[in-house]
Amino acid sequence: MKHIFQEGTDPSRPTLLLLHGTGGNEQDLLPLAGRIDEKAAVLSVRGNVLENGMPRFFRRLAEGIFDEEDLVFRTNELNEFLDQAAEEYKFDRQNIMAIGYSNGANIAGSLMFHFQDALRGAILHHPMVPRRGIELPDLCGKPVFIGAGTNDPICPAQESEELKSLLEKANASVQLHWENHGHQLTFGEVDAAEKWYKINF
Ligand code: MLT
């Protein structure tokens, strides 16, 4: 997958996996990584799917309606890419922390829904429930931050609560942070994610 890798200065820190929103690319979230942990290695990936020229991590049939078959295929593809990248760049495969926004948060959520050890934790900015009706792996001890907007038209408030409860049922430890905004990523939310990271990693 097309990506950028930046080596960290402290190998004990997690590798930050950056996953952009629809229409973004691997450059978008680089400033966030510096805010969260300036000593961490960074792996920023571009989604392999194009929707009218806009990169994404999996296909959708309509706004908020996912192509489940493609979601599963792309989740496997990203998980395998992480295995390869860890070998190539010599970082700890067991210590990857995702930071995703919107569609990128949805594929990060999907990694956690499908694989016990794909991620050590995640910061999910404006995620949705990636899939319903499946049993999640045991995510015991995995910290997850969800940033949500009370007026988010793409991800309704109750869906953020539903995602929290599904992850908690799988034993993840979830912090749900609310901003009185829509789908955009706000400074307040990034600050909250940074504080959460300092406590959990
Ligand atoms: C998705 O398709 O993943 C969500 O609708 C978020 C987005 O618009 O990318």
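Our subject is the structure listed above.
Residues numbered from 1 in each chain as written. Predicted model: local features only at pLDDT ≥ 70, side-chain atom pairs only at ≥ 80, totals over all residues. Heavy atoms only, no water.

Q: How should I be thinking about helix α4 (residues 157-169) in this particular structure?
A: The end-to-end C-alpha distance of α4 is 19 Å, a good match for the 18 Å that 13 residues give at a rise of 1.5 Å each. When α4 is considered as a whole, its buried residues turn out to be Glu159, Ser160, Leu163 and Leu167. One side of α4 carries all its buried residues, which in axial view fall inside an arc of 105°. In α4, the exposed residues that point more than 90 degrees away from the buried face are Gln158 and Lys169. Looking at the packing, one finds that the buried side of α4 touches α3 (103-114), β9 (121-125), β10 (143-149) and β11 (173-179). (Helix = DSSP H or I, 4+ residues; strand = E, 2+ residues; numbered from the N terminus. Expected span 1.5 Å × (residues − 1). Buried < 20%, exposed > 50% of the residue type's maximum accessible area, 1.4 Å probe, protein only. Arc of directions from axis to C-beta. Contact = heavy atoms within 4.5 Å.)

Q: What's the story with the environment of aspartate 191 in this structure? I'm lost.
A: With respect to the helices and strands, the residue aspartate 191 is situated in helix α5 (residues 187-200). Residue class for aspartate 191 comes out partly exposed when judged on its relative accessible area of 33%. Along the chain, aspartate 191 and arginine 35 lie 156 residues apart, while their C-alpha atoms are 8.6 Å from each other.

Q: What exactly am I supposed to notice about the site of the ligand here?
A: Around the ligand sit Thr22, Arg56, Phe58, Arg60, Glu63, Gly64, Phe66, Ser102, Asn103, Asn106, Met128 and Ile154, and those are all the residues in its vicinity. In this structure, an oxygen atom belonging to the ligand sits 2.4 Å away from a side-chain N or O atom of threonine 22. At 3.1 Å from an oxygen atom of the ligand is found a side-chain nitrogen or oxygen belonging to arginine 60. Here the shell around the ligand is composed, by residue class, of 4 nonpolar, 5 polar and 3 charged. (Near = heavy atom within 4 Å. Polar contact = N/O pair within 3.5 Å; in protein donor to acceptor, adjacent residues only side chain to side chain. Nonpolar A, V, L, I, M, F, W, Y, C, P; charged D, E, K, R; others polar.)

Q: Would you mind going over helix α2 (residues 68-89) with me for this structure?
A: Helix length check: α2 (22 residues) gives 31 Å between terminal C-alpha atoms against 32 Å at 1.5 Å per residue, within 8%. Listed as buried for α2 are Asp70, Leu71, Arg74, Thr75, Leu78, Asn79, Phe81, Leu82, Ala85 and Ala86. All buried residues of α2 lie within an arc of 170° about the axis, which places them on one face of the element. In α2, the exposed positions angled more than 90 degrees off the buried face are occupied by Glu69, Gln84, Glu87 and Glu88. Lysine 90 occupies a position one or two residues after α2 and carries a positive phi of about 60°.

Q: Where do I start with the nonpolar core in this structure?
A: What tends to happen in soluble globular proteins is that the nonpolar side chains get buried as a cluster. Ranked by internal contacts, the top residues of the largest apolar core, which has 42 residues, are Leu17, Leu19, Leu43, Val45, Leu119, Val144 and Leu167. With near-sequence residues (within four places) excluded, leucine 17 lies in contact with Leu43, Val45, Leu82, Ile96, Met97, Ala98, Ile99, Leu111 and Leu119. Ranked by size, the runner-up nonpolar core spans 19 residues in total, among them Leu18, Leu30, Ile99 and Ala193. (Core = buried A, V, L, I, M, F, W, Y, C linked by side-chain atoms within 4.5 Å.)

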